[in-house]
Amino acid sequence: MAPEGAAAQAGAEQGFDYLIVGAGFAGSVLAERLATQLGLRVLIVDKRSHIGGNAYDRHDDAGILIHPYGPHIFHTNSADVFDYLSQFTQWRPYQHRVLANVDGQLVPMPINLDTVNKLYGLKLTSFELEAFFESVAEKREQIRTSEDVVVAKVGRDLYNKFFRGYTRKQWGLDPSELDASVTARVPTRTNRDDRYFADTFQAMPLHGYTRMFEKMLAHPNIKIMLNTDYREIQHCIPWKHMVYTGPIDTFFDCKYGKLPYRSLEFRHETLPQEQFQEVGTVNYPNDYGYTRISEFKHITGQKHPHTSVVYEYPRAEGDPYYPVPQPQNAELYKRYEAEAELLPHVTFVGRLATYRYYNMDQVVAQSLATFKKLRQRHEADAAVPAGLFSSAGATRAAAGAGLASPNATSASTTA
C-alpha cells in the first residue's frame, strides 16, 4: 500500500486511468481488479484516515481487535466471492449467534423452536411449531410492509416482542411504514438452528479486515490518498474515469433533495473481565436506547484477559449507513440514477452510490460484476490513441462527466 501524501504525486506526472472515490469494499475490489488484471493506474481517495470503509478494524488500547463501526460478520452463498477474497486472507470459521433480551429472558434470534418454547413455557416439536405459527399468523393478501412480513408469518405477539420496538429504534419508523425487505432479511425457523445466518460460507478474516484490505491494495499501480475529499484533487490530478462509492445524492449536490439515511453512534467499552455476554451479539428490541451490544472476542476468536464491547445507538443524523427503504425514497433515487446514467466518465458502485441495503458480500459481487463491464469498455477503447493525460484533459473529462465544483458540499466517501 502506497504511503499517504506522496501517493498521488508519484502518479501525477503520468496520470491515472481511474480515480476511485472511497476505500471500502466497492472501491478496493475495483482498484485491485483494474490494477492486477488490466495493468491500469489507480488512485483511491478517501475522506477518512484509513482504508477498509466501515469494515475497518484495529486494536484498541488494551490490544483487543475491535470494529470501530460496529460488528462486521462475513457470510455469503457465493463461492466466487469467497474464493476472490481468499486471495487476500486466511479465514477463521465463525458462525454468528444472537440472543434477544425479551420479557426478561435471553432467547435465540432469529426466532426458532427454542425461542418459542422458552418464551411461552412450551414443549413443542418442529412439526407442532409450524401449526403454532399458522394458528397465530395474521393472513395478508399482499405483503407490502415490514409489519406484513412478520405478522403474516409468526403473528402479532412475536412481532411486538422481537420486531416492532427494534425496528422503531433502528429506523425511526414503524415497521408498517417500511418496505417489506427490511424484516424479510430475518428468517424464522421451525428447528433448533440458532445461527444468525444460514449461508454456505461463514468465516472471519483470520488477521482482521484491515490486513485483508492492505493485501488487496498492495499492487504498485495503486496509490492511496487518505484524509482527502476527492473534490479537492479531481481537477489537479489527471484521470480518465471515476468510480464513485459515496452517497449518490451528495455527488449531485442534492439537487433533487436529500436521500434519507439512518446513522449509528457507537459507544465502545473495554472491561476488566474475560467475557461480558454469552454470544457475539445480544439484541435489545424493547428496552434501552441502544439496539444491541456486541462483544468482539466472540467474533474474532482472540484470547485476552480483558474484553471489549460496543453499544449501538441508531441516529437520524451522522455518517450515512443505511438507505431508508420506502417507496418515495426509491423514486427519488431513480431521479439521481437517471442523472448518473448520463455520465460516461463516472461509474457508481456500492451501498451508498446505488442506494441499496447491501451486505458486504453483495457489494463485492456487485464490484466484480462492474469490473467485467469496465474491462469490456477498456478492451473496446484499447485502439483509441493515447494523449488524454494532461491537466487540461483531466479538466475536460471532469467537466464532461458533470462533476460538482470543488466548493460544493463534500461527500462522504466510505463504501
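Predicted model only: the values in this text are computed from it and were never measured.

### Some thoughts on the sheet that holds strand S5 (residues 75-76)
Okay, so step 1: The strand order across the open sheet formed by 3 strands is S5-S9-S6, and the pairing between neighbours is antiparallel. Each end of this open sheet is capped by a strand with a single partner; those strands are S5 and strand S6 (91-93).

### Quick word on the packing of helix H4 (residues 113-120) against helix H5 (residues 126-136)
Okay, so step 1: H5 packs onto H4 with a crossing angle of 70° between their chain directions and a minimal axis gap of 10 Å. Relative to H5, H4 is oriented roughly perpendicular. The residues of H5 that touch H4, namely those facing Leu113, Val116 and Tyr120, are Ser126, Leu129, Phe132 and Phe133.
Okay, so step 2: Residue classes in the contact of H4 with H5 are distributed as 6 nonpolar, 1 polar and no charged.

### Comments concerning unusual backbone geometry
Okay, so step 1: Between methionine 109 and the following residue, proline 110, the backbone shows a cis peptide bond with an omega angle of 10°.
Okay, so step 2: Note on placement: proline 110 falls in the loop between strand S8 (105-109) and H4.
Okay, so step 3: A positive phi angle, close to 55°, is found at aspartate 103, a residue other than glycine.
Okay, so step 4: Structurally, the position occupied by aspartate 103 is in the loop between strand S7 (98-102) and S8.
Okay, so step 5: Its identity is not glycine, yet cysteine 254 carries a phi of approximately 50°, on the positive side.
Okay, so step 6: Looking at the element boundaries, cysteine 254 is found in the loop between helix H9 (248-251) and strand S12 (261-271).

### A word on the environment of leucine 332
Okay, so step 1: Tracing the sequence through the fold places leucine 332 in helix H11 (residues 327-340).
Okay, so step 2: By relative accessible area, which is 15% here, leucine 332 ends up buried.

### Things to note about the nonpolar core
Okay, so step 1: Ile20, Phe25, Ile44, Leu85 and Tyr209 are the most contacted members of the largest nonpolar core, which totals 45 residues.
Okay, so step 2: Elements represented by at least two residues in this core include exactly strand S1 (16-21), helix H2 (25-38), strand S2 (42-45), helix H3 (79-85), strand S9 (201-205), helix H8 (209-216), strand S10 (222-225) and helix H12 (360-381).
Okay, so step 3: Of the residues forming this core, the biggest block, 8 residues, is contributed by H2.
Okay, so step 4: Beyond its immediate sequence surroundings of up to four residues, leucine 85 is in contact with Phe25, Phe74, Trp91, Met212, Met216 and Val364.
Okay, so step 5: Counting 42 residues, the second largest nonpolar core, distinct from the first, contains Ile66, Tyr69, Phe266 and Ala340.

### Details of H5
Okay, so step 1: Restricting attention to buried positions, one finds in H5 the residues Leu129, Phe132 and Phe133. Buried residues of H5, seen end-on, are gathered within an arc of 95° and therefore sit on one face of the element. Residues of H5 that are exposed and point over 90 degrees away from its buried face: Phe127, Glu134 and Ser135.
Okay, so step 2: Taken together, the buried residues of H5 touch H4 and helix H6 (146-171).

### Remarks on the sheet that holds S10
Okay, so step 1: Strand order in the open sheet made by the 5 strands is S10-S2-S1-S11-S17, with parallel pairing throughout. Single-partner strands in this sheet number two, and they are S10 and strand S17 (346-348). On average, adjacent strands in this sheet sit at an angle of 20° to one another, irrespective of strand direction.
Okay, so step 2: Across 4 bridges, the pairing between S1 and S2 is parallel.

### Let's talk about the pattern of salt bridges
Okay, so step 1: Inspection of the entire model under this criterion finds 23 salt bridges.
Okay, so step 2: A salt bridge links aspartate 103 to lysine 161, with the nearest nitrogen and oxygen atoms 2.5 Å apart. Remark: lysine 161 occurs in helix H6 and aspartate 103 occurs in the loop between S7 and S8; sequence separation between them is 58 residues.
Okay, so step 3: A salt bridge links aspartate 253 to arginine 231; its shortest N-O distance comes to 3.5 Å.

### Considerations on the packing of aromatic side chains
Each aromatic ring pair is characterised by the separation of its centres together with the angle its planes make.
Okay, so step 1: According to the stated counting rule, one finds 29 aromatic pairs in the structure shown.
Okay, so step 2: Considering the side-chain rings of tyrosine 321 and tyrosine 322, the 6.5 Å spacing of their centres and the 45° angle between planes classify their relative orientation as tilted. In this structure, tyrosine 321 and tyrosine 322 share a single accessibility class: buried.
Okay, so step 3: An aromatic cluster is defined as three or more aromatic residues linked by ring pairs; in this entry it consists of Tyr230, Tyr244, Phe251, Phe252, Tyr256, Tyr336 and Phe348.
Okay, so step 4: Lying across the ring of tyrosine 311, arginine 267 places its NZ or CZ 4.2 Å from the centre.

### Examining the side chain of glutamate 147
Okay, so step 1: With respect to the helices and strands, the residue glutamate 147 is situated in helix H6.
Okay, so step 2: Take glutamate 147: its relative accessible area is 13%, and that puts it in the buried class.
Okay, so step 3: What glutamate 147 contacts, discounting residues up to four positions off in sequence, is Arg140, Arg156, Tyr159, Asp174, Pro175 and Ser176.

### A look at the pairing of S12
Okay, so step 1: With 2 bridges joining them, S12 and strand S16 (residues 322-323) adopt antiparallel strand pairing. In the sheet register, arginine 262 faces S16, and the bridge partner there is tyrosine 322.
Okay, so step 2: Strand direction decides the pairing type here: S12 and strand S15 (residues 307-315), joined by 9 bridges, are antiparallel. From the neighbouring strand, leucine 264 faces S15, where its bridge partner is proline 314.

### Section: H8
Okay, so step 1: Of all the positions in H8, only Tyr209, Thr210, Met212, Phe213 and Met216 are classed as buried. Down the axis of H8, the buried side of the element spans an arc of 160°, and every buried residue falls inside it.
Okay, so step 2: For H8, the elements touching its buried residues are H2, H3, S9, S10 and H12.

### Here's the deal with the pairing of S1
Okay, so step 1: Buried residues dominate S1, accounting for 6 of its 6 residues.
Okay, so step 2: Here S1 pairs with strand S11 (residues 239-244) via 5 bridges, running parallel. Bridge pairing in S11 links valine 21 to tyrosine 244.
Okay, so step 3: With H2 bridging S1 and its parallel neighbour S2, the resulting β-α-β unit is right-handed.

Reading guide: rules and limits
Residues numbered from 1 in each chain as written. Predicted model: local features only at pLDDT ≥ 70, side-chain atom pairs only at ≥ 80, totals over all residues. Heavy atoms only, no water. Pairing = 2+ DSSP bridges. Helix = DSSP H or I, 4+ residues; strand = E, 2+ residues; numbered from the N terminus. Axes fitted to C-alpha atoms, helices over the stretch in contact; angles between N-to-C directions. Parallel < 35°, antiparallel > 145°, perpendicular 65-115°, else oblique. Contact = heavy atoms within 4.5 Å. Nonpolar A, V, L, I, M, F, W, Y, C, P; charged D, E, K, R; others polar. Buried < 20%, exposed > 50% of the residue type's maximum accessible area, 1.4 Å probe, protein only. Core = buried A, V, L, I, M, F, W, Y, C linked by side-chain atoms within 4.5 Å. Arc of directions from axis to C-beta. Salt bridge = Lys/Arg side-chain N within 4 Å of Asp/Glu carboxyl O. Phe/Tyr/Trp six-rings, centres within 6.5 Å; stacked < 30°, edge-to-face > 60°. Lys NZ or Arg CZ within 6 Å of the ring centre and 35° of its normal. Right-handed = clockwise from strand over helix to strand, strands pointing away.

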